[in-house]
Amino acid sequence: MPIYLYIDRGTFVHRLHPTVKVFALFVMFWSVYWVDNPVALLPVGLVMLWIAQLTGSWPNFYRLRWLFAILIFTTSMMWLVFYQLGEPLFTISLFYMNPHSFSVPLGRFSHTFRWGGHPVAVNVTWQSIKFGFGRGIKLAELLATSVLFLSTTKIEEFTYGLQRMRVPYRVGFAISLAFRLVPLFIDSAVTIVDAQRLRGYDFNQGGPFERIRRYVPVVIPVFMGALRKANNMAMALEARGFGYTHEPTTFIEYPVGSADIAAFAALIALGAIYFLLYYTGVGGIGPVK
């Protein structure tokens, strides 16, 4: 099973300047953040689907299909319960809360607290449905943006883009290092799980909590391996003079072309349009300003 999401296709999205790709990641987050209405989120979702088809990123989306489904479903259900604005369409009775009381004997300040004695129900409104589904779609689009970015951008391109956007080199290196090391830790964990299974250790025995407890022996060797790799990497970086200068040079150069300029202008327009949707109230759930 591949542990990296990058897919080398050679499309024009892959060939974009790294700074444009990092800026596109920021603009997509920016655009999705301002709106809650599912209808307003639909255009940016269609753009993501077009980019996924163009770049051949569907295998990564297929690998994460259950995560997308769980994210949308759980978020929609949660906001269906907690967002109680608007006229109720129907009511769902959850359970009956028995009456309870609690007395505080403080003389003339004594008081008895009472609660319960009524059914607990959820009023489902048209606004709660739209808001919950919109929040689910919003989180799914944030995840889809990250998947598209990692499917079309190499780690060294990510570092280069952050550096050209004037992000401090140490910060950019730490961010890119996290993207590089997390798949290695996952690979180490998978290797240890396979080794334990070859020795006859059954990870699928028992209930859900018992299965989680059975993965505890995997955490210790992964953690020790991570410390060992971090120590070796620190020595290697110091041997190569890491931190000697704040503007390190690079052998890789990425020229800026007409496609980069066009993509940059389109991204600015997209970000401006979605901010206007928020500012005018069109992208919200409530009445338009």
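Since this is a predicted model, take the numbers as computed values, not measurements.

Undergrad: So what about helix H2 (residues 38-55)? Which residues, and what values?
TA: Taking 1.5 Å per residue, 18 residues should reach 26 Å; H2 reaches 25 Å between its end C-alpha atoms and fits that length. For H2, the set of buried residues is Pro38, Ala40, Leu41, Val44, Gly45, Met48, Ile51, Ala52 and Thr55. Each element contacted by the buried residues of H2 is listed here: helix H1 (18-34), helix H3 (58-63), helix H5 (126-152) and helix H10 (258-280). Where H2 begins, the side chain of Asn37 points an oxygen toward the backbone nitrogen of Val39, at a separation of 3.0 Å.

Undergrad: Please set out unusual backbone geometry residue by residue, giving values where relevant.
TA: With a phi close to 65°, Arg166 is a non-glycine residue in the positive phi region. Tracing the backbone shows Arg166 in the loop between helix H6 (155-164) and helix H7 (169-198). Judged by its relative accessible area of 69%, Arg166 falls in the exposed class.

Undergrad: Got a sec to walk through the nonpolar core? Specific residues and values, please.
TA: Formed by 26 residues in total, the largest nonpolar core has its most connected members in Met48 and Phe61. If you list the elements that add at least two residues to this core, you get H1, H2, H5 and H10. Residues in contact with Phe61, not counting those within four places in the same chain, are Ala52, Phe68, Ala144, Val147 and Leu148.

Undergrad: Describe in detail the side chain of Thr125, supporting the description with residues and values.
TA: Examined against the element boundaries, Thr125 turns out to sit in strand S4 (residues 118-125). Separated by 2.7 Å, the side chain of Thr125 and the backbone oxygen of Leu85 make a polar contact. Once you skip the residues sitting within four places of it in the chain, Thr125 turns out to touch Leu85, Gly86, Glu87, Pro88 and Leu89.

Undergrad: Explain the pattern of salt bridges to me, and be specific about the residues and the numbers.
TA: Scanning the model with the defined rule gives four salt bridges in all. Linking Glu157 and Lys21 is a salt bridge whose minimum nitrogen-to-oxygen distance equals 3.2 Å. Taken together, the positions of Glu157 in helix H6 and Lys21 in helix H1 put the pair 136 residues apart, joining distant regions of the chain. The buried category is assigned to Lys21, whose relative accessible area is 6%. Among the salt bridges present, the one from Lys138 reaches Asp36, with a minimum N-O distance of 2.7 Å. One end of the pair, Lys138, is in helix H5; the other, Asp36, is in the loop between H1 and H2, and 102 residues separate them in sequence. Both residues of the pair, Lys138 and Asp36, count as buried. In this structure, a network of salt bridges that share partners links the residues Asp36, Arg135 and Lys138.

The rules behind each value
Residues numbered from 1 in each chain as written. Predicted model: local features only at pLDDT ≥ 70, side-chain atom pairs only at ≥ 80, totals over all residues. Heavy atoms only, no water. Helix = DSSP H or I, 4+ residues; strand = E, 2+ residues; numbered from the N terminus. Expected span 1.5 Å × (residues − 1). Buried < 20%, exposed > 50% of the residue type's maximum accessible area, 1.4 Å probe, protein only. Contact = heavy atoms within 4.5 Å. Polar contact = N/O pair within 3.5 Å; in protein donor to acceptor, adjacent residues only side chain to side chain. Core = buried A, V, L, I, M, F, W, Y, C linked by side-chain atoms within 4.5 Å. Salt bridge = Lys/Arg side-chain N within 4 Å of Asp/Glu carboxyl O.

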